[in-house]
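Single-letter residue listing:
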Amino acid sequence: MEETEEKTKFCKYCGQKIPEDAVICTHCGRQVEQLKGSEQPNVVINNTNTNMNSNTNVNSGYNTRGEAKNKWVALALCIFLGTFGAHKFYEGKILLGIVYLFTCGLFGIGWLIDCISLLFKPNPYYP
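Note that residues are indexed from 1 along each chain, following the sequence as it is written. Note on the predicted model: pLDDT of at least 70 is required for a residue's local features to be given, and 80 or more for side-chain atom pairs to be given and counted; whole-chain, interface and lining totals, by contrast, use all residues. Water and hydrogen atoms play no part in the side-chain values, which are based on all heavy atoms of the structure.

Asks: Run through the overall build of the protein, naming residues and quoting values.
Replies: Secondary structure assignment for the protein yields 4 helices and 2 strands. Of the regular secondary structure in the protein, the N- to C-terminal order runs β-β-α-α-α-α. Considering the protein as a whole, with its 127 residues, one finds that 20% of them fall into the buried category. A sequence separation of at least 24 residues applies to 36% of the contacts in the protein between residues at least 6 apart. Carbon and sulfur atoms form 57% of the exposed surface of the protein, whose accessible area is close to 10,600 Å². Going along the chain from the N terminus, every DSSP run of H or I of four or more residues is numbered as a helix, and every run of E of two or more is numbered as a strand. Residue exposure (1.4 Å probe, protein chains only): buried if accessible area is under 20% of the type maximum, exposed if over 50%, otherwise partly exposed. Residue contacts are defined here by distance: any two heavy atoms, one from each residue, within 4.5 Å place the two residues in contact. The protein chains shown are the only cover counted for residues, whose accessible areas, like all others here, come from Shrake-Rupley with a 1.4 Å probe.

Rendered as structure tokens:
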């Protein structure tokens, strides 16, 4: 009988004989060699930020919220002159004020809704 002798090597951690092509020791379980063909790619990280903030309306006087309006003034205008759209003109909504003027406060329905909604707004409010 012929014996085929398997090529072996020694584990560099536990000293036991392991197969020559073994990457992990069969006795202690530690990795004895790097995997062939699994070389890590070189990664170049370039974290330079060249973006510039070019926000032009920071101090240009443009207020996105509008001016604060007094709730009680708007409510009084709505109750007494709401069918003519006075409260809409006060809020700066000129086009809607003209619509209220020609439709008698959207036929009274818009006037009623505005009276109720103005009652529950905070003071001051931003239209």
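Asks: Before we move on, could you go through the packing of helix H1 (residues 71–81) against helix H4 (residues 109–119) and cite the residues and values that matter?
Replies: Between N-to-C directions, angles cover 0 to 180 degrees, with each direction set by a line fitted to C-alpha atoms, over the stretch in contact for helices. In the contact formed by H1 and H4, the axes pass within 9 Å of each other and the chain directions differ by 160°. For the element pair H1 / H4, the angle class is roughly antiparallel. Regarding H1 and H4, the two cross each other, and that crossing is left-handed. Residue-level contacts link Lys71, Trp72, Ala74, Leu75, Cys78 and Ile79 of H1 to Trp111, Asp114, Cys115, Leu118 and Leu119 of H4. Classification used: nonpolar for Ala, Val, Leu, Ile, Met, Phe, Trp, Tyr, Cys and Pro, charged for Asp, Glu, Lys and Arg, polar for all others including Gly. Across the contact of H1 with H4, the residue classes tally to 9 nonpolar, no polar and 2 charged. Every angle not falling under 35 degrees, over 145, or within 65 to 115 is termed oblique; those three ranges are roughly parallel, roughly antiparallel and roughly perpendicular. By convention the crossing between two helices is left-handed if the near helix lies anticlockwise of the far one by an angle smaller than a right angle, and right-handed if it lies clockwise.

Asks: Can you break down helix H3 (residues 94–107) residue by residue, with the values?
Replies: Its 14 residues place the ends of H3 18 Å apart at the C-alpha level, agreeing with the 20 Å of an ideal helix rising 1.5 Å per residue. Here H3 has its buried residues at Gly97, Tyr100, Thr103 and Gly105. Residues of H3 that are buried sit in contact with helix H2 (86–91) and H4. One or two steps after H3, the chain reaches Gly108, where phi turns positive at roughly 90°. The span expected for a helix works out to 1.5 Å for each residue beyond the first.

Asks: Quick one: what's the story with the packing of aromatic side chains, residue by residue and with numbers?
Replies: Side-chain rings of Phe, Tyr and Trp (the six-membered ring for Trp) are treated as a pair once their centres are within 6.5 Å; stacked means planes under 30 degrees apart, edge-to-face means over 60, and tilted covers the remaining angles. Across all of its chains, the model carries 0 aromatic pairs by this definition. In this scheme, the term charge over a ring applies when either NZ of a lysine or CZ of an arginine sits within 6 Å of the ring centre and within 35 degrees of the ring normal. The side chain of Arg30 reaches across the aromatic face of Tyr13, ending 3.8 Å from its centre. One residue, Lys69, lies across the ring of Tyr90, its end atom 5.2 Å from the ring centre.

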